[in-house]
Amino acid sequence: METVFFPDGRKLDLRYAVVDYNGTLAVDGLIAPMVKELLLALSQELNVNVITADTFGQARPQLAELVGVKVAVIKPGAEGEQKAELVRKLGPEHTVCIGNGSNDAAMFALAALSIAVVGREGASMAALREADLVVSSPQDAIGLLLNPKRLLATLRI
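In this report, we go over the structure that sits alongside the text. (Residues numbered from 1 in each chain as written. Predicted model: local features only at pLDDT ≥ 70, side-chain atom pairs only at ≥ 80, totals over all residues. Heavy atoms only, no water.)

**Digging into the pairing of strand β3 (residues 16–20)**
Counting buried positions over the five residues of β3 gives four, a clear majority of the element. Looking at chain direction, β3 and strand β6 (residues 47–52) are connected through five bridges and run parallel. Following the sheet pairing, V18 is matched in β6 by N49. In this structure, β3 lies alongside strand β8 (residues 95–99), joined through four bridges in parallel fashion. Bridge pairing in β8 links V19 to I98. (Buried < 20%, exposed > 50% of the residue type's maximum accessible area, 1.4 Å probe, protein only. Helix = DSSP H or I, 4+ residues; strand = E, 2+ residues; numbered from the N terminus. Pairing = 2+ DSSP bridges.)

Written as structure tokens, this is what we have:
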């Protein structure tokens, strides 16, 4: 992804994406074909990490054919801290996070850019409070990253 420079001197130099699975990319554990295509396209621009407690046990099988997309299944309990730890490990200043749940708020607080998705499962107020942007679908969230001038239009001061 190209670096996004803002008129006020800020810049976004993203290298990693950390994306929640259930409620963000998937509904009831299943991911739409269009979302898979967009994730694959995003993996050509950023190092994509899907992180999930995998409530429905579908994340790995659903994403198996997406070469370049890493899947991390985390343990139940303290999911928010486990997600935040991945962001810390990657480097928050170069990471965008996409999610919808309360357990995404901690990683949102660390990331250079955070995008909340208010999809069919809704979004928690904790995630919305920490988000830089709010969109209505995973397609819109990924589309912002594939077309970074949209970020400039939305986030300029």
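**Here we look at the packing of helix α1 (residues 33–42) against helix α6 (residues 138–146)**
Interhelical geometry of α1 versus α6 gives an angle of 20 degrees and a closest axis separation of 10 Å. The pairing of α1 with α6 is recorded here as roughly parallel in orientation. Crossing of α1 against α6: the hand is left-handed. Where α1 approaches α6, its residues M34, V35, L38, L39, A41 and L42 are matched on the opposing element by P138, Q139, I142, L145 and L146. Classifying every residue of the contact of α1 with α6 gives ten nonpolar, one polar and no charged. (Axes fitted to C-alpha atoms, helices over the stretch in contact; angles between N-to-C directions. Parallel < 35°, antiparallel > 145°, perpendicular 65-115°, else oblique. Left-handed = near helix turned anticlockwise from the far one by under 90°. Contact = heavy atoms within 4.5 Å. Nonpolar A, V, L, I, M, F, W, Y, C, P; charged D, E, K, R; others polar.)

**Remarks on the environment of D8**
Its place among the elements puts D8 in the loop between β1 (4–5) and β2 (11–12). We classify D8 as partly exposed; its relative accessible area is 42%.

**Concerning the environment of V67**
Here V67 shows up in the loop between α2 (59–63) and β7 (69–73). For the pair V67 and Q44, spaced 23 residues apart in sequence, the C-alpha separation works out to 10.0 Å. Leave out the neighbours within four places in its chain, and V67 touches L40 and S43.

**What to know about the pattern of salt bridges**
Evaluated as defined, the whole model comprises six salt bridges. Across the salt bridge formed by D13 and R15, the nearest N and O atoms sit 3.1 Å from each other. The class of R15 is partly exposed, set by a relative accessible area of 43%. The shortest N-O distance in the salt bridge between D20 and K83 comes to 2.9 Å. A residue pair is termed long-range when its members are at least 10 positions apart, and D20 in strand β3 and K83 in helix α3 (residues 79–90) qualify at 63 residues. For the residue pair D20 and K83, the accessibility class agrees, reading buried in each case. In the salt-bridge network here, residues are joined through shared partners; they are D20, K83 and D104. (Salt bridge = Lys/Arg side-chain N within 4 Å of Asp/Glu carboxyl O.)

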